[in-house]
Every structure is written in C-alpha cells, then in structure tokens.
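Residues per chain, in single letters:
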Amino acid sequence: MIAALDRIAKETERLGYRSDAIVRDYPFSALTTPGEPTTRRAPLAVFTQTPPSYRSAAFGAAEVQTNGAEVLVRGFRDLGAPLFFVVEAEMVSVWQVYADGPPRLIERASLDALDRLFEARRGTWNPDSIHRAKSIGRFNSAYQLDFVDIGLMPAIEGQIHEKLDRLLNETLAATRDAGVADDDKAMFQGVFRLVAAKILTDREHRASATWNKDDVRSVLAGIGNFYGLTDPFSADAVGRKLSTAWDILRGGLNVSNISADDLAFVYENTLVTPETRRIYGTHSTPRHVAEYVVGRLDLWRDAIEPPKVYEPFAGAGVFLVSALRHLREGLPHNWTDRQRHDLLVKRIKGSEIDAFACEVAVLSLILADYPNKNGWKIENTDLFKDNNLSTRLAEADVVLCNPPFEIFNSNERVLYPQVSAISGARAEAVLALTLRSAPKALGFVLPRAFLMDRAYREQRRAVEQLYREVELVSLPDGVFKVSQVESALLIARDHRQPNEPQIVRSSEVDDGDRRSFAFTGLPSRSREEVRSAAEVETAALWIPPLGPLWKRLAALPRLGDFVEGHWGLRWNDGRQSSAGSDRPGPNRAQGLLRANDYRQFVHGPTTWLDINPQNLYGGGSLPWASPKILCNAARLSRSNWRLAAVVDRDGLFASQQFVGLWPKDRATDLDALAAVLNGPIANAYMADHSTEKRFRIRSLLNVPLPASLPPELGELARAYATLLNEKVALRSEDRFSRVLDQIDSIVLEAYDLPPRLTRSLLASFTGANRPVAHNWHPWSVSLDDPALSLKEIRSGVLERARGNWPQQKLKPLPSDEAAGAAPFLP
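Described in the following lines is the structure provided in the data block. (Residues numbered from 1 in each chain as written. Predicted model: local features only at pLDDT ≥ 70, side-chain atom pairs only at ≥ 80, totals over all residues. Heavy atoms only, no water.)

**A look at the overall build of the protein**
A count of helices and strands for the protein gives 32 helices and 25 strands. Across its three principal directions, the C-alpha atoms of the protein cover 95 × 90 × 55 Å. Buried residues in the protein amount to 57% of all 826 residues. For the protein, contacts bridging at least 24 residues in sequence account for 71% of all contacts bridging at least 6. Working note: accessible area of the protein is about 35,200 Å², and carbon and sulfur atoms make up 49% of it. (Helix = DSSP H or I, 4+ residues; strand = E, 2+ residues; numbered from the N terminus. Buried < 20%, exposed > 50% of the residue type's maximum accessible area, 1.4 Å probe, protein only. Contact = heavy atoms within 4.5 Å. Areas by Shrake-Rupley, 256 points an atom, 1.4 Å probe, with all protein chains shown as cover.)

Structure (structure tokens):
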C-alpha cells in the first residue's frame, strides 16, 4: 500500500504539485461526526498551496477498509479535497467528494496505468486549475470543474466557524471566571497569543517545540517572540489568569486543517463583543459580506503584480483579511509562503482612527498570514482631517470600505471643513472622494439610499462613467451586529473606455435568505443588463425586479397628476409619543397616530391628537377637514405589500406616520384611487422604487395609474369599505375576499397588461401577507405557471392547468387499437 501511495504522490508531483504540499499522515478534524470533533489522519493529502488547509486540499488517498470504498471516502469529506483515491489491491478508484450525499465513483485504473490516468487529466487536475475551481469557481463559472462540488468548501467553512466560535466562547468564559474583564485589552492580546500558539502547535510547527506547552506563561512569551510583537504585554501577569483558557483551547478542535483566515475571522467576530464595540467604538463588516464583495472583484487576476488594496476606516480589518486570502490565492502555486508574505505586506494597507481596532486588525492579519511573522501595519490616523483621506486614496488600486454612516455634527463641520463641504453625510463624502481618485476597483458598504435616492445621484453617475462592470446588492435588515441602518453594497471594477458598453447587475438578499447568504454567498436573486454606451449616463444603476413592467407603464399618468401629497403632523422635540390621548380636550382633534397596524380600505381606531400650533413644526396648516386619502408613510412589510390607503371624509388628522393625499380636482374619485393604491401595481412599484423604510413622497406620487379609471371601480371600493366598517360577521369573510379580488381584477384589467407581465407581477407577491382586515388567500403564482389573468387564476383555471394535464386529457389507446394502428404510423 505504501508503494501505491508513493506512486500517487509521484504522479501529483509530475502535475506540478510542490513536494512540501504533498503530506503523509496528515491530521484534520472530522467535523461531521456526532459529538465533539475528533482528529483523523489522511495517509496521503496533496495541496495546491502551502500552508495546507481544507481550502487548498486537492487530493486525498488511502487504502480500502473493510466497510468498502464509498464508506471510506465519506469519512474523509472534511479533509476538503474534491477528489479521493482509494487503493484496492492492484487497482485505484477515483471518487468525487460532495458536501451532501454519498461520493461518486468517477473511474478506476490499475496501478500500472496511473501515469496515463494523471497525464490524461493534466489539464484539469493541475494545482492551478483545482485551486481556482475551489476558490473562484463559486464566484465565476468559467473556473468551475465538473468534479469540484462548489458547495463543499462553504459546508466545511460553516461547520468550522460554528465550532471555532463555540471553542473561543468557552475560552473567553474561562478568562472571565479568572477575573479578566471583556474590555481588558490584555485579554485580547493574551487570547490572540493563545490562538496563534494553538495554530503552531496543531500544525506541529518547529517553533512550538521551543516552549513548554504545560506552562501558559512560556507559551505566551514564546509566541510573542515568534511574531516579534512589541505591544505592552506581561506574559507573567496575564498568564496566571489564562492557564485554564489555554487548557480549554489546546484540548479543543484541531486546527491543523483549518485555514488561517478562518481563525482570523472568528477571532475578530467572537472576541470583539457588542460591549467592546460600544466602549471602543470598534466597527466591523460581517465576514460573509466582505467575502462576497472581495470575491466579485477578482483580485487574483494579476498574479505577479497584484493590485494595491487599501481599506480606509478599516475597523477590525475584515475586508483586509479577505483581500489577503484572495490575493494570496492568485499568486503562483510554486511560490513559498515567505515570497507571498513579502509581496502582499506591501500591497495591503489600512487606516483607522480607533487605536484598539488597529491592534485587532493587525492581530487578525497575523493569524491569517500563518506561518509568516509580523510586518502588517494599520495606520492609526484621523482620515477626515486635512487631505489625509485623499492622499491615501491616490495610492490605491482597489478601495474596500465600510464607511461611517453618521452625519457630521456642527462641531465636526468646523473640525473637518474640507470633507464636510462635500456632503454632510460621512458615507456620501467618503464615496465622493474615492470616486475622485478613480481606483481600478472598489467595494463599498453604503446606506441603502444609494440604490435610488436623489442624494446619491452624482455618485451613481460617476460610477457609471468610471466602471465597465457594476453590481449593487440590497441587504436585509439585521446583517450587521450593531448598525441598524439599512445597507447595500456597491461593487465596481475595470475602468470603462469611451463608447464601451457596461455590465450592470442588481442583486437582493431577502430576509428569509439571510442565513443561506452567509453560508453560500449566493443572493436570493440577480438581474443583469448589458447597456450600450447610449444607455449609460442615466444614474439609474439599480435594475428594479419588475423593470419590464415599469417600462410598459412609463407613458401612463401618475398619481401626482391628480393629488398633492404631504407628511402628517410633526411635533416639536420628539413629542409624538405623547401627542395622542383617549380623551378629547382643548387643542385636540380626532385622528390617527400610529400606522403599525394600518389596513387597506379601513383605518381602524382613532385617538385625540394634539393640534396646538405651538407644539407643531409641520402639518398643522393642511386642509384636514377636506376629503383625502391617508396612507402609511413607511413600508408595512419587507414583502411587496407595502401600502394601505384609506379614504377619509370625516376630517381626521394624522401624524407623520401617514401621508395625506388631497385631490387637485374635487371631481376626482378618491375611492377609485385608493383601490389602485391598495392594488398590486402600486404596491410593487413602491417596493421597486423606494428602498428605505420610509417612503419618499415623490416616489409615491410617481405611481403609474391606468389611462382611465373604470367607473364601477370607485363604487365597488366604497361598497367594500362599507362592509368592513359595518363589521359584518366573520362568516362573510369569503365575501370580503371575493369583493377584493373583483377590485384587484378591475384595476389590473385597466392597465391592459400582457399576460406574461401580469404573471411576473403576481409571482412577486407569492406567499406575502396582505395588510387587510380579514382573512385573504395569497396568490400562488410562479414564473413557471401559464400566463393568465387574475380573474382566471381566482376561478381555478391555473390549478387545472398545473400538473400533467396532457396525460390526463390525452389517454393512450387501448393496446389492441394501438397494435391495429401501428402499420399506418411512420
């Protein structure tokens, strides 16, 4: 068997694998076995690069066991190698390893035919091809290989991060029990040293033989000497408190096969707690967000001369750690670790005002750069002062940035006159300065307003002019641990030449896909357009999900042609919470305070609002006594059902949680307009054109209306609202739904849409709950269904059209008749 493994090793070396990347008796953690991870050993493991890890594993090999080859291969899944060789007497079988499911037998060959087998596969089994398939294949299909399961690495990565996080949390708990506070910087320095020591120990690095592993103070001092750490740290003083933590860490998950950047990501994510972020102001970008951005930039393309990457406002350096991995993976596989380090340490830089964050970023880069020693520098500086930011941006080829989102206050405007003069919003100013420096590529985390808001119009126009390929990504709420600001991603690369077409991509991550996005790096959906030079320069980078529908309706009248829109009452000094009362009184009027539970066509309970002019700074002079439509001012859900509109003829007042729509002509049928606003077209339009929680009134007034409103629409909408207000018994809820379906059908027919656009529209509402005051059955329409009208769908035509209806309708001939007809058939 040894001879057989020798022959496999020899053939991999002939393919170009380095001798130090061909490892015997290689240890790795079996992550998928029940209970705590155990350490297993691969008799032979071959890697595309060093240091070895599951990310660079190309082949594994072993002798068949009593349970058979398939069971054997399945046990080596966590090695991370896409191909596994099983030696069976004089034969070798080659198996593809999957993230889920059993391995697949690809082929068999005799030991004597191994050289021919490898030579025939040289084009795809060489180290560069496999490495790029594993590292780049999930971002770029051009590098995918049919024997590399692109789900294998994310699956292993997810389990690694989960188990590392658990191990580090247990380690932190031990430090707390020993009296080390979470905000004690010595704790971060000490735990970093212990994590680094575990890497060297588990990987059996020769430096680990120089310290006494049973004496934590010896370990702390030894790792400090190895990396040349100069930060003030007392191994003796801190060591007494970290002895138990070291015992937990060294006895936990074996990290020999774990990529160093995984450890760096988990170190930053786990150790920089919300409390620490609050105390030190340290901000960070989630690992999967940074990985998505950096992965889309293809930093690996310039193998010998990689770009200069710069991260302003680096925080804990997550973007830089991701850039380090992607740049390193693009370098020639035959380079040594030292060669990669010496080049990349000159190509990756960052700046940060928070000194503690700088320290965390440097430590994370050190971990990610195993086995190299220190040399990383994160500059501690205030980038908003003078020309600090512009000077540093001018030296960068690629800019990665998660800028602060806050607004400059009055004192900061005085302190930072040059930057704040560009924009009062920090993120907008940072992006503007970056675009002036025109880097070859950029990746930004930005407020979601960037996608379509007028405030970012000039920045979007600059992006269009500069870059040949642009992607925008709308992120769900809750992606960032601390910030609750709605966010988006801007990814742009490759300078665009005059008259050159542009590739524009828009992607979304739904709330329900937040976890899968973190796991797979795949958004919920993406749309792509190739725009000619004539189509560029519009500042409309975002491709709405229902773009063809809005092009179809572009020439129709708009809501603003018939009504004026205004925010509701706004009280001084944030008095809205106390502006309502359940009792009437002086300077009070009946009205609506909160829109949280607002429903279509019926407004629900009212309260007595404070309308004292001295307490108001807006909305008090509006014609509240006149007939109007009241609708919510902020979206009611993240689904396409965003709006609820109600006609008010009772003179109600409303807070700024509502928008009042007053008719320009007294003859306008408000009930018909409310039916349109409550229908699928208006709701989908606001979902596509108002990306923030709070609506822009100009977006609302731009909702397209039918060329003419059917006369029966207003009458039916009034009848439906009357039924709701009369609180008809629950047994009539089916009646409510039937009337509402009839209203929706009339509205849709008035737009005169082709069936395919109706299908796309209704499919965008699938599974979404509608804000109505009774039970309502959502439309269940998919893009694979026949294109039908809403009336046909509700009448059951769609259900009858689904399934294998041709086989049900076209029954086969009886066997005797089929035999008789056969001679007459071609």
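Resuming the write-up.
**Examining the nonpolar core**
L194, Y227, L400, F444 and L490 are the most contacted members of the largest nonpolar core, which has 150 residues in total. Element by element, the count of residues in this core is highest for helix α7 (residues 185–202), at 11 residues. Setting aside residues up to four positions removed in sequence, L490 forms contacts with L431, L442, G443, F444, L446, F450, V463, V470, E471 and L472. With 63 residues, the next largest nonpolar core counts L553, W641, I697 and V772 among its residues. (Core = buried A, V, L, I, M, F, W, Y, C linked by side-chain atoms within 4.5 Å.)

**Topic: the sheet that holds strand β4 (residues 83–88)**
With respect to topology, 6 strands assemble into an open sheet ordered β1-β2-β3-β4-β5-β6, the strand pairing being mixed. Looking at which strands have only one partner, the edges of the open sheet turn out to be β1 (22–30) and β6 (104–110). Between one strand axis and the next, the sheet turns through 35° on average, direction left out of account. Pairing of β4 with strand β5 (residues 91–96), which is carried by 6 bridges, proceeds in the antiparallel orientation. Residue pairing in the sheet places L83 in a bridge with Q96 of β5. (Pairing = 2+ DSSP bridges. Axes fitted to C-alpha atoms, helices over the stretch in contact; angles between N-to-C directions.)

**Digging into the packing of aromatic side chains**
All told, the structure shown has 27 aromatic pairs when counted by the stated rule. Within the aromatic cluster, the residues linked to one another by ring pairs are Y17, F59, F85, F118 and W125. Seen from the ring of W542, R527 lies directly overhead, with NZ or CZ sitting 5.4 Å from the centre. In this arrangement the basic side chain of R694 is found over the ring face of W567, its NZ or CZ atom lying 4.2 Å from the centre. (Phe/Tyr/Trp six-rings, centres within 6.5 Å; stacked < 30°, edge-to-face > 60°. Lys NZ or Arg CZ within 6 Å of the ring centre and 35° of its normal.)

**Topic: the side chain of T285**
On the secondary structure map, T285 appears in the loop between α11 (274–280) and α12 (287–296). A polar side-chain atom of T285 sits 3.1 Å from a polar atom in the side chain of N402. When residues no more than four places from it in sequence are discounted, the contact partners of T285 are A290, V318, F319, N402, V445 and F480. (Polar contact = N/O pair within 3.5 Å; in protein donor to acceptor, adjacent residues only side chain to side chain.)

**Thoughts on the sheet that holds strand β22 (residues 628–632)**
The sheet built from 4 strands is open, its strands ordered β16-β25-β22-β23 with antiparallel pairing. Single-partner strands in this sheet number two, and they are β16 (563–567) and β23 (645–648). Going from strand to strand, the sheet's axes swing by 25° on average, the running direction of each strand aside.

**Considering the packing of helix α19 (residues 426–437) against helix α20 (residues 457–466)**
Where α19 contacts α20, the two axes come as close as 10 Å, and the packing angle between them is 25°. By the angle between their directions, the pair α19 and α20 is classed as roughly parallel. Two packed elements cross with a definite hand, and for α19 against α20 that hand is left-handed. Contacts between α19 and α20 involve E428, L431, A432 and L435 from the former and Q459, A462, V463 and L466 from the latter. Here the contact of α19 with α20 is composed, by residue class, of 6 nonpolar, 1 polar and 1 charged. (Parallel < 35°, antiparallel > 145°, perpendicular 65-115°, else oblique. Left-handed = near helix turned anticlockwise from the far one by under 90°. Nonpolar A, V, L, I, M, F, W, Y, C, P; charged D, E, K, R; others polar.)

**Here's the deal with the side chain of D397**
Structurally, the position occupied by D397 is in the loop between α16 (388–393) and β10 (398–401). Here K308 takes part through its backbone nitrogen, which lies 2.8 Å from a polar atom of the side chain of D397. Beyond its immediate sequence surroundings of up to four residues, D397 is in contact with P307, K308, P439, K440 and A441.

**Section: the pattern of salt bridges**
Throughout the structure, instances matching the rule amount to 50 salt bridges. Residue E204 pairs with R41 through a salt bridge whose shortest N-O separation is 3.7 Å. Highlighted residues: E204 in the loop between α7 and α8 (216–227) and R41 in strand β2 (residues 38–47), separated in sequence by 163 residues. D511 is the partner of R638 in a salt bridge, and the nearest nitrogen-oxygen pair spans 3.5 Å. Note that R638 is positioned in the loop between β22 and β23 and D511 in the loop between β14 (502–508) and α21 (514–520), a separation of 127 residues in sequence. Residue R638 is classed as partly exposed on the basis of its relative accessible area of 25%. The exposure class assigned to D511 is partly exposed, which follows from its relative accessible area of 32%. (Salt bridge = Lys/Arg side-chain N within 4 Å of Asp/Glu carboxyl O.)

**Some details on the environment of F85**
By the secondary structure assignment, F85 is in strand β4. What makes F85 buried here is its relative accessible area of 0%. Between the C-alpha atoms of F85 and A61, which are 24 residues apart in sequence, the distance is 4.5 Å. In contact with F85, not counting residues within four places along its chain, are I8, F59, G60, A61, A62, V92, S93, V94, F118 and W125.

**Some thoughts on the pairing of strand β20 (residues 607–610)**
Bridge count between strand β18 (residues 580–581) and β20: 2 bridges; the pairing is antiparallel. Paired with G580 across the strands is L609, a residue of β20. Two elements, strand β19 (residues 588–592) and β20, share 4 bridges in a ladder whose sense is antiparallel. Bridged to R588 within β20 is D610.

**With respect to helix α26 (residues 711–725)**
In an α-helix, one full turn covers 3.6 residues, which means residues spaced three or four apart are oriented alike. Helix length check: α26, at 15 residues, gives a terminal C-alpha distance of 23 Å against a target of 21 Å (1.5 Å per residue), a fit within 8%. L713, G714, L716, A717, Y720, A721, L723 and L724 are the residues of α26 that are buried. (Expected span 1.5 Å × (residues − 1).)

**So, the packing of α8 against helix α9 (residues 235–250)**
Where α8 contacts α9, the axes come no closer than 8 Å and their chain directions differ by 115°. With respect to α9, the axis of α8 lies roughly perpendicular. The element α8 and its partner α9 pack so that their crossing is right-handed. Taking contact as the criterion, the partners of V216, R217, V219, L220 and A221 in α8 are, on α9, A235, D236, G239, L242, S243 and W246. Here the residues of the contact of α8 with α9 are counted per class, giving 7 nonpolar, 2 polar and 2 charged.

**A closer look at the state of the cysteines**
Enumeration according to the criterion identifies 0 disulfides in this entry. Here C358 stays unpaired: no disulfide links it, and the sulfur of C401, its closest cysteine neighbor, is 14 Å away. Taking relative accessible area as the criterion, C358 reaches 5% and is therefore assigned buried. (Disulfide = S-S within 2.5 Å.)

**Focus on the environment of R166**
In this structure, R166 sits in helix α6 (residues 152–177). Judged by relative accessible area, R166 falls into the partly exposed class, the value being 35%.

**Digging into the environment of K385**
Within the secondary structure, K385 sits in the loop between β9 (378–380) and α16. Taking the C-alpha atoms as reference points, K385 and G478, separated by 93 residues in sequence, lie 32 Å from one another. Leave out the neighbours within four places in its chain, and K385 touches L415 and Y416.

**Some thoughts on unusual backbone geometry**
With an omega of -5°, the peptide bond running from T50 to P51 counts as cis. By the secondary structure assignment, P51 is in the loop between β2 and β3 (57–63). A cis amide bond links Y370 to the next residue, P371, at an omega of 5°. Position of P371 relative to the elements: it lies in the loop between α15 (355–368) and β9. We note that F313 has phi near 55°; this positive angle belongs to a residue other than glycine. Summarising the element assignment, F313 is placed in the loop between β7 (309–311) and α13 (318–330).

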